[in-house]
Amino acid sequence: MTRVRYSTTLDENLLNMAKHKASLIDGLHGANDIIEQALRFYFRNASVTVWEKSINTEDDNRDKHFQKLILRSNRLVLETVQDRTTIKKYDRESVCPDSLKLGGWDKVWDISKIMPH
């Protein structure tokens, strides 16, 4: 890919975070690599839309059961979710990768596969 010089102004904190992240990853040569990865990630996902539809039959069970439709340019994903619960206070050790693996969970998506952390 042809590289072109481009100058702009960025939020200083964002630029410093990008520089720091690049310094932690072998093979990256500065903030530009992080910014390029972020732009690629953005454009790869900019056309994704997510729709949800309640599939409840009881009024007292509102918003617990639903279908999720994820539309991407090359595929459609339909999920049926039986229960969505948000827990704000939890033991972080119980959701660390080792604990989750022991509990039978499989990691199916991680942004670091797309953008190394």
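Please refer to the structure higher up on the page.
Since the structure is predicted, the reported quantities are computational estimates derived from the model, not experimental observations.

Engineer: So what's going on with the nonpolar core? Residues and values would help.
Structural biologist: Generally speaking, nonpolar side chains in soluble globular proteins are found buried as a group. Residues A18, A22, I25, L28, A31 and I34 constitute the largest nonpolar core, which totals six residues. Of all the secondary structure elements, the ones that give two or more residues to this core are helix 1 (12-24) and helix 2 (31-45). Aside from chain neighbours lying at most four places away, what touches A31 is L15, A18, K19 and A22.

Engineer: Summarise a nonpolar patch on the surface; cite the residues concerned and give the values.
Structural biologist: Among the surface-exposed residues, L39, Y42 and F43 lie close enough to one another that they form a single nonpolar patch of about 360 Å² accessible area. Examined against the element boundaries, F43 turns out to sit in helix 2.

Engineer: Explain the packing of aromatic side chains to me, and be specific about the residues and the numbers.
Structural biologist: Here the structure, examined in full by the defined rule, presents one aromatic pair. A centroid spacing of 5.0 Å and a plane angle of 75° characterise the contact between Y42 and F43, whose relative ring orientation is edge-to-face. No difference in accessibility class separates Y42 from F43, as the two residues are exposed.

Engineer: Explain the sheet that holds strand 1 (residues 49-54) residue by residue, including any values.
Structural biologist: One open sheet accounts for three strands, arranged 1-2-3; its pairing is antiparallel. In the strand order of this sheet, the two ends are held by strand 1 and strand 3 (76-81), each with one partner. This sheet shows a mean twist of 15° between the axes of neighbouring strands, independent of strand direction. Where strand 2 (residues 66-71) meets strand 3, six bridges bridge the pair, whose relative direction is antiparallel. Pairing of I70 across the sheet is with V77, part of strand 3.

Engineer: Could you give an account of the pairing of strand 2, naming the residues involved and the relevant values?
Structural biologist: Judged from the six bridges that link them, strand 1 and strand 2 form a sheet pairing that is antiparallel. Among the inter-strand pairings, E52 is bridged to a residue of strand 2, identified as K68. The antiparallel hairpin formed by strand 2 and strand 3 contains four residues in its connecting segment.

Rules and cut-offs
- Residues numbered from 1 in each chain as written.
- Predicted model: local features only at pLDDT ≥ 70, side-chain atom pairs only at ≥ 80, totals over all residues.
- Heavy atoms only, no water.
- Core = buried A, V, L, I, M, F, W, Y, C linked by side-chain atoms within 4.5 Å.
- Buried < 20%, exposed > 50% of the residue type's maximum accessible area, 1.4 Å probe, protein only.
- Helix = DSSP H or I, 4+ residues; strand = E, 2+ residues; numbered from the N terminus.
- Contact = heavy atoms within 4.5 Å.
- Patch = residues over 30% accessible without salt bridge, like charges linked within 9 Å, V, L, I, M, F, W, Y side chains within 5 Å.
- Areas by Shrake-Rupley, 256 points an atom, 1.4 Å probe, with all protein chains shown as cover.
- Salt bridge = Lys/Arg side-chain N within 4 Å of Asp/Glu carboxyl O.
- Phe/Tyr/Trp six-rings, centres within 6.5 Å; stacked < 30°, edge-to-face > 60°.
- Pairing = 2+ DSSP bridges.
- Axes fitted to C-alpha atoms, helices over the stretch in contact; angles between N-to-C directions.

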